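# Working through the structure, step by step
Listed below, chain by chain, are the residues.
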Amino acid sequence: MHARYFYGWNVVGATFVMALGSFGLGFYGIAVYVAALQQLHGWSASTVSAPVTVYYVAGALLTAAIASVYERLGPRTVVAAGAIAMAVSVAALGLVARPWQLYPVFLVMSIGWGAMSGAAINIILAPWWERRRGLAVSLAFNGATLGGVLVVPALIVLVGSLGFTRALVTAGLALLVVLLAIALLVMRRGPDALGLGPDGDPLRPAPARASGDGDRRWRRDALRTWRFWSVSAPFALGLAAQVGVLTHMVAPSAGGAARAVSLTTAAALVGRLATGFVVDRLSRRRVASATLIVQLAGLGLLAREPSPASVYAGCALFGLGVGNLTTLPGLILAVEWPRERFSVLVGLAVGINQLTFAFGPSLVGVVRDRAGTYSAALWTCALLQAISAALILLGPGPAAKAHES
């Protein structure tokens, strides 16, 4: 029975491709759009950054409620709709001629981001995996990391060869064709349609699904518990620091900076994959705390007087945790809350995280401008990660899950 190929691996592959496109164009690609818009139109950094903050905030609000949308419509419809929204908005960015036009374009893009970002990956995979969820989620999220490795350089090449407008139309069209194909051909609600349970095990009776009122009650009840906030708050702070550093890391255009960014992204891929192979056998809170401490050490090296050795070592250490900070919240929630509540709570947690990290780039920019150096901003981010590493260990742990119903 267990020797047979399990269709859940097809779903992992589909979410990998979805993450590659959604994070490549909807997260890492933002730096390319911002730089190109400034260069083409002469707009200030604040003019093009404000719509990006609106984008992340709107995406966070949608993400917090995306579980109900997936439950009602299923992954095939939601991913297809998200792909259309992101493809149209990416193409439209190449056509904007006035700063105010950025706001409606980024709001449309936020629909695609909310439908296909971190919470969506967890929600799509949750019915398919239980015992090996850590590995499955980590493999899928590696698509997000590769979005920075593959999609961003491809965008830069396209912009250089075709021009900004044609490049974004081409990118949007490619995203649309690929994601519509995987949505229609691969995405399914869960293994029960195949007569199987999670991990390909024999089918077990599924717990009753709550109504929309039940989902709202679960969110409300979770927000009143330290168990939930001991997951959400540390990762919200850690991700605010991480996104702030990553946003300002890509600002320099020198070759050394480009190599540092590439090293960070490569380390993220290694770190997430390595964690995926061991996280199902370890305390997930301890893994999260260790990840934050490793990133903190990397920031300490980056904040020192820069030398090539310290910059590359710092980027490598910081990068090892970049992917894991988006993967681990869902993995912790999966072992600490009843399975039927997972989709609702992971959407809520990821939405809170995204709402918080939307202000990370501004935090780094303000501290840097006031101090006159990035060193102070990096130490501020290191402090946030130290607080996060301590908070995540103060959670009540998985024991209470057995008493939940």
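Residues numbered from 1 in each chain as written. Predicted model: local features only at pLDDT ≥ 70, side-chain atom pairs only at ≥ 80, totals over all residues. Heavy atoms only, no water.

So, on to the pattern of salt bridges. For the structure shown, the criterion picks out 4 salt bridges. For the salt bridge of Glu 336 with Arg 227, the shortest nitrogen-to-oxygen distance reads 3.6 Å. Here the residue Glu 336 occupies a position in helix α14 (residues 324-336), and Arg 227 occupies one in helix α10 (residues 226-249), the gap between them amounting to 109 residues. Exposure class is identical for Glu 336 and Arg 227. Each is buried. Asp 280 is the salt-bridge partner of Arg 284, the closest N and O atoms lying 2.7 Å from each other. A residue is classified by how much of its surface remains accessible, and Asp 280, at 29% relative accessible area, is partly exposed. If you follow the salt bridges from partner to partner, you end up with Arg 227, Arg 285 and Glu 336 in one network. (Salt bridge = Lys/Arg side-chain N within 4 Å of Asp/Glu carboxyl O. Helix = DSSP H or I, 4+ residues; strand = E, 2+ residues; numbered from the N terminus. Buried < 20%, exposed > 50% of the residue type's maximum accessible area, 1.4 Å probe, protein only.)

So, on to the packing of helix α3 (residues 66-73) against helix α6 (residues 118-125). Where α3 meets α6, the closest approach of the two axes is 10 Å, and the angle between their N-to-C directions is 40°. The angle between α3 and α6 falls in the class oblique. The hand of the α3/α6 crossing is right-handed. Residues Ile 66, Ala 67 and Tyr 70 of α3 touch α6, and the partners they reach there are Ala 119, Ala 120, Ile 123 and Ile 124. Tallied by class, residues from the contact of α3 with α6 come to 7 nonpolar, no polar and no charged. (Axes fitted to C-alpha atoms, helices over the stretch in contact; angles between N-to-C directions. Parallel < 35°, antiparallel > 145°, perpendicular 65-115°, else oblique. Left-handed = near helix turned anticlockwise from the far one by under 90°. Contact = heavy atoms within 4.5 Å. Nonpolar A, V, L, I, M, F, W, Y, C, P; charged D, E, K, R; others polar.)

Between helix α1 (residues 8-41) and helix α5 (residues 102-116), whose axes approach to 9 Å, the crossing angle comes to 155°. One finds that α1 runs roughly antiparallel with respect to α5. Of the two possible hands of crossing, α1 and α5 adopt the one that is left-handed. In this structure, α1 contributes Met 18, Ser 22, Phe 23, Gly 26, Phe 27, Ile 30, Tyr 33 and Leu 37 to the contact, and α5 contributes Leu 102, Phe 106, Met 109, Trp 113 and Met 116. Classifying every residue of the contact of α1 with α5 by side-chain character gives 11 nonpolar, 2 polar and no charged.

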